[in-house]
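# Architecture at a glance
So the chains spell out like this:
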Amino acid sequence: AEQGDVLALIEKAAAWLRRASDLEPSVSSRHRDLAGALVELGSAAARAGDVARALAAASESDEEYRRAVALEPSLPLPRLDLANRLLRTRRYEEAAAEFEQAGSALDELMTSSPGDANMGAWRTARVSSRENRAVALPSFTMFHMAFSSSVTGYIKIVTFSLSTSLASLLLT
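Residues numbered from 1 in each chain as written. Predicted model: local features only at pLDDT ≥ 70, side-chain atom pairs only at ≥ 80, totals over all residues. Heavy atoms only, no water.

### Considerations on unusual backbone geometry
The backbone of arginine 90 sits at a positive phi, close to 60°, despite the residue not being glycine. Tracing the backbone through its elements, the reader meets arginine 90 in the loop between α4 (76-88) and α5 (92-112). (Helix = DSSP H or I, 4+ residues; strand = E, 2+ residues; numbered from the N terminus.)

So this is what it looks like as structure tokens:
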């Protein structure tokens, strides 16, 4: 299928999911499903060169993930979805905090329901949550170090350039 066809199909799916979340606004999974479709829509729009549509879909997907978390803050899956989105979009500090909260929610689930059939999936999600948090924290630190270093370097260049210009003016 051509990019335009794929984009139209994803847009149609997002519209149906948007309608479902409008009909059941208090159901967290409706917002999670819509957010996932919007992430796909944003990716398809970006591949098609439609930057405005890609940015709009990305923004709306973030809002939907946050709605899902707000509706059921004690559930780990909406938090994991949001945390992964934040990690993919390089918002490391926020991602680390969401991974931490998701891990706590998973710990609570595993403690309160030790014989649950989903225990294996929860353990896997907990390990993934720890690993992703471990990725997010150094990335956040490295980003700030690189940014700080870049700003410092820029300031040094500007200062040197200004002092050189000033010196040449004074010498002439």
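Okay, back to it.
### Quick notes on the packing of helix α3 (residues 51-71) against α4
Relative orientation of the contacting elements α3 and α4 amounts to 150°, with a least axis distance of 8 Å. What the angle tells us is that α3 and α4 run roughly antiparallel. The two elements α3 and α4 cross, and the hand of that crossing is left-handed. When α3 is examined against α4, the residues Ala58, Ser61, Asp62, Tyr65, Arg66, Ala68 and Val69 are found in contact with a partner set consisting of Pro78, Arg79, Asp81, Leu82, Arg85 and Leu86. (Axes fitted to C-alpha atoms, helices over the stretch in contact; angles between N-to-C directions. Parallel < 35°, antiparallel > 145°, perpendicular 65-115°, else oblique. Left-handed = near helix turned anticlockwise from the far one by under 90°. Contact = heavy atoms within 4.5 Å.)

### A word on α4
Between its terminal C-alpha atoms α4 stretches 18 Å, which fits the 18 Å expected from 13 residues at 1.5 Å a residue. Along α4, the residues classified as buried are Pro76, Pro78, Arg79, Leu80, Leu82, Ala83, Arg85, Leu86 and Leu87. In the segment just after α4, arginine 90 is the residue with positive phi, at about 60°. (Expected span 1.5 Å × (residues − 1). Buried < 20%, exposed > 50% of the residue type's maximum accessible area, 1.4 Å probe, protein only.)

### A short note on the environment of glutamate 11
Take glutamate 11: it is sitting in helix α1 (residues 3-23). Separated by 31 residues in sequence, glutamate 11 and glycine 42 have C-alpha atoms that sit 9.6 Å apart. Residues in contact with glutamate 11, not counting those within four places in the same chain, are Arg18, Leu41 and Arg53.

### Here's the deal with the confidence of the model for the protein
Low-pLDDT stretches of the model should not have their predicted coordinates read in fine detail. Averaged over every residue, the pLDDT of the protein is 80; the share at 70 or more is 78%. Per-residue pLDDT, averaged within each element of the protein, yields its smallest value for helix α6 (residues 119-171) (60) and its largest for α3 (95). Under a pLDDT of 50 for its full length, residues 143-149 has, in the predicted model, 0 contacts with residues more than four places off or in other chains. Considering only residues more than four positions removed or in separate chains, one finds that residues 151-155, a stretch of pLDDT under 50, has 0 contacts. (pLDDT = per-residue confidence, 0-100.)

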